[in-house]
Amino acid sequence: MAYEYAIALTGGIATGKSTVASLLALNGMRVIDADSISHTILDSSTQWVGDVFGSEYLISNKKVNRSKLGEHIFSNQDAKKILEEYLHPKIKQEIELQSIKQDSFKFPYLIDIPLFFENNNYDIKDSVVVYTPFEIQLQRFMKRNSYSYEDCLKRVNSQLHIDEKKQKATWVIDNSQNLKHLQNGVEEFVENIKRIYLWT
């Protein structure tokens, strides 16, 4: 059975989840990255993307143009549904395989799942949310990606509101301030996990 020792790591767009995943790894936690798995599967699905969405979403017919496909997906609910129905079973299958391997160590580990609460697709009891207040989240996303305010709002609103995720979480890591504050939050979370699981 998968997920026995798993903790779901989630958050929202531009809340700093990838940074937290890196900091957790530096603090000795093992992390399975759903985004990385998704990218690998998508990059190996060039033919399917070309057939379903058109060759304009490929780079030289050899690689998926993730940025252009992303723009299409976030402005077209039908296209988003088609892509998710194709990707999600494949992502889940790979995560389950990696989870079974991690469970064999009998220590807690994290699975970085961006849409953990939205899709309710993983039987994982505990979760940690990387939290950034909504307006800061939008500002960081605009600064990072140079999208318009409207585009950023559309993408952020395609996910469950960050405050709702915060309420659903077992633990929260606050990322509303600077990197030092975030590092302290990550270290405190890791110490809590060690105490709970008697991991010394």
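Think of each chain on its own: its residues are numbered from 1, step by step along the sequence as written. Confidence filtering applies because this is a predicted model: local features only for residues at pLDDT of at least 70, side-chain atom pairs given and counted only at 80 or more, and all residues used for totals across whole chains, interfaces and linings. Hydrogens and waters are ignored; side-chain quantities use all the structure's heavy atoms.

Caption draft 1: A look at the overall build of the chain. For the purposes of this entry, the term helix denotes a DSSP run of H or I that reaches at least four residues, the term strand denotes a run of E that reaches at least two, and both are numbered from the N terminus. Check the secondary structure of the chain and you find 10 helices and 7 strands. Values of the radius of gyration come from C-alpha atoms, whereas the globule rule sets the reference at 2.2 Å times the count of residues to the power 0.38. The globule rule puts the C-alpha radius of gyration for 200 residues at 16 Å, and the 18 Å found for the chain is close to it. Each of the three principal axes of the chain carries a C-alpha extent, and together these read 55 × 40 × 25 Å. With a 1.4 Å probe rolled over the protein chains alone, any residue whose accessible area is under 20% of its type maximum counts as buried; one over 50% counts as exposed, and the rest are partly exposed. Looking at the chain as a whole, 43% of its 200 residues qualify as buried. Computed by Shrake-Rupley with a 1.4 Å probe, the accessible areas treat only the displayed protein chains as cover when residues are assessed. When the accessible surface of the chain is summed, it comes to about 11,000 Å², and 49% of that surface belongs to carbon and sulfur atoms.

Caption draft 2: Region of interest: the layout of surface pockets. As defined here, a cavity is a set of points on a 1 Å grid over the protein atoms alone where a 1.4 Å probe fits but cannot get out. A pocket is an open set with protein on both sides within 12 Å along at least five of seven lines, and residues line them when an atom is within 4 Å of a point. Grid points are joined across faces, edges and corners, and a volume is the space filled by probe spheres set on the points. Of the pockets and cavities examined, the largest pocket occupies roughly 1,300 Å³. Along the wall of the largest pocket there are 42 residues; nearest its centre are D35, H39, F74, P114 and Q159. A total of 7 residues in the lining of the largest pocket trace back to one element, the largest contributor, which is helix α5 (residues 77–103). For the lining of the largest pocket, the per-class residue count stands at 18 nonpolar, 16 polar and 8 charged. Residues are sorted three ways: Asp, Glu, Lys and Arg are charged, Ala, Val, Leu, Ile, Met, Phe, Trp, Tyr, Cys and Pro are nonpolar, and all the rest, Gly among them, are polar.

That is the geometry; function is a separate question.
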